[in-house]
Amino acid sequence: MFKWDIHMHTSEVSLCGHTDGARMAEIFKEKGYDGIVVTDHFVNGNSRIPKDLLWEERIMHQFDGYKAAKARGDEIGLKVFAGFEYPDRRTDFLVYGLYEDFLVKHPEIPELPIEEALTFFRENGGFVIQAHPCRMYLKGSSRGIHLYPQHVDAIEVYNGANGDGWFPPEYNYFAKIYADQTNLPQTAGTDTHREEKMFGGGMLFERQPEDIYDLISMIKAKDFQITTK
């Protein structure tokens, strides 16, 4: 089985990230992973990219962490794909399959209501996972749970940061109960942000995904297993 983490961050782009992409690639390789998807926070969220830059400049930096991780991954034998974590004030979504050439043409994206943004991503070839859907607070501030089963392609039911010192473990429990009421694929990711606090878990595939679109097709087909270790 090939072990993947499809939800993690780097310090190049994510404001909450504390380890650069190259080192992230190294530690995931050391921990026995065969691949990662770098999902740094999008430019309108918890991003390190200056908000006073022009839209095109901001988008050109969106995948800096991925590029650093991929360069190192190519050297050490770790597959590295790219996505991003898109924010709403109430929740977050992992988006795969959309990159600079598409995003730079659509500066209106951050102004769209979240349902419209998710529909827009999916209608243009994006694949959307609702991340940690039952996480009820962030940085000490209470917030309600908002679920979007009609607007996503999959649901993250195991998030390594839940139950490992950041958030209560029952958030994964509730996410699984919710996802079981749908027919959507259920995914897992570590949500790692720093080398010294690497969370566990991920996805197990019977073959190595060739690219992000191959990985997406395997998730759609539910051709994987979830691991919490």
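Presented here is a report on the structure given in the accompanying data block. (Residues numbered from 1 in each chain as written. Predicted model: local features only at pLDDT ≥ 70, side-chain atom pairs only at ≥ 80, totals over all residues. Heavy atoms only, no water.)

**A few points about the environment of F121**
Keep this limit in mind: The numbering of helices and of strands both runs from the N terminus, where a helix is a DSSP run of H or I of at least 4 residues and a strand a run of E of at least 2. When checking whether two residues touch, look at their non-hydrogen atoms; a contact exists if any pair is within 4.5 Å.
Mapped onto the secondary structure, F121 falls in helix 5 (residues 114-123). Note: C-alpha distance between F121 and L98 (23 residues apart in sequence) is 7.8 Å. Contact partners of F121, with chain neighbours within four places excluded, come to F84, Y86, V95, L98, I109, G126 and V128.

**With respect to the packing of aromatic side chains**
Going by this rule: Classification of ring pairs uses Phe, Tyr and Trp, with its six-membered ring standing for Trp, and accepts pairs whose centres are within 6.5 Å; under 30 degrees between planes counts as stacked, over 60 as edge-to-face, and the remaining range as tilted. Remark: exposure states derive from per-residue accessible area (1.4 Å probe, protein chains only) relative to the maximum for the residue type, with buried under 20%, exposed over 50%, and partly exposed in between. Here, a charge over a ring means that NZ of Lys or CZ of Arg falls within 6 Å of the ring centre while also lying within 35 degrees of the ring normal.
Under the criterion given, the structure shown has 13 aromatic pairs. An angle of 70° between the planes, with centres 5.5 Å apart, marks the rings of F93 and Y148 as edge-to-face. One end of the pair, F93, is in strand 4 (residues 92-96); the other, Y148, is in the loop between strand 7 (141-142) and strand 8 (154-159), with 55 residues separating them in the sequence. Neither F93 nor Y148 differs from the other in exposure class; each is buried. Taken together, the ring pairs in this structure connect F42, W55, F84, Y86 and F121 into an aromatic cluster. Positioned above the aromatic ring of Y33, the side-chain terminus of K3 is 4.4 Å from the ring centre.

**Remarks on the pattern of salt bridges**
Note the threshold: Salt bridges, as used here, are contacts in which a Lys or Arg side-chain nitrogen is within 4 Å of a carboxyl oxygen on Asp or Glu.
This model, assessed by the stated rule, comprises 12 salt bridges. Linking K70 and D74 is a salt bridge whose minimum nitrogen-to-oxygen distance equals 2.9 Å. With a gap of 4 residues between them, K70 and D74 both fall in helix 3 (residues 64-76), about one helical turn apart. For the salt bridge of D180 with K176, the shortest nitrogen-to-oxygen distance reads 2.8 Å.

**What about the environment of Y86?**
Put simply, the test is: Pairs of N or O atoms are called polar contacts if they sit within 3.5 Å, as long as, within protein, a hydrogen donor faces a hydrogen acceptor (for residues adjacent in sequence, only side-chain-to-side-chain pairs).
Take Y86: it is sitting in strand 3 (residues 79-87). Each C-alpha atom of the pair Y86 and L118 lies 9.3 Å from the other, and the pair is 32 residues apart in sequence. Setting aside chain neighbours within four positions, we find Y86 in contact with F42, N44, T91, D92, F93, V95, I109, P110, I114, A117 and F121. Here I109 takes part through its backbone oxygen, which lies 3.2 Å from a polar atom of the side chain of Y86.

**Considerations on the packing of helix 1 (residues 21-30) against helix 3**
So the rule is basically this: For helices, the fitted line uses only the C-alpha atoms of the stretch in contact; every axis is such a line through C-alpha atoms, and the angle between N-to-C directions lies from 0 to 180 degrees. Here the word oblique covers every angle except those under 35 degrees (roughly parallel), over 145 (roughly antiparallel) and from 65 to 115 (roughly perpendicular). Helix crossings get a hand from a simple test, with the near helix turned counterclockwise from the far one by less than a right angle marking a left-handed crossing and a clockwise turn marking a right-handed one. Amino acid classes used here: Ala, Val, Leu, Ile, Met, Phe, Trp, Tyr, Cys and Pro are nonpolar; Asp, Glu, Lys and Arg are charged; the rest, including Gly, are polar.
Where helix 1 meets helix 3, the closest approach of the two axes is 7 Å, and the angle between their N-to-C directions is 45°. Judged on the interaxial angle alone, helix 3 and helix 1 are oblique. Two packed elements cross with a definite hand, and for helix 1 against helix 3 that hand is right-handed. In this structure, helix 1 contributes G21, A22, A25, E26 and K29 to the contact, and helix 3 contributes G65, A68, A69, R72, G73 and I76. The residue inventory of the contact of helix 1 with helix 3, partitioned by class, reads 5 nonpolar, 3 polar and 3 charged.

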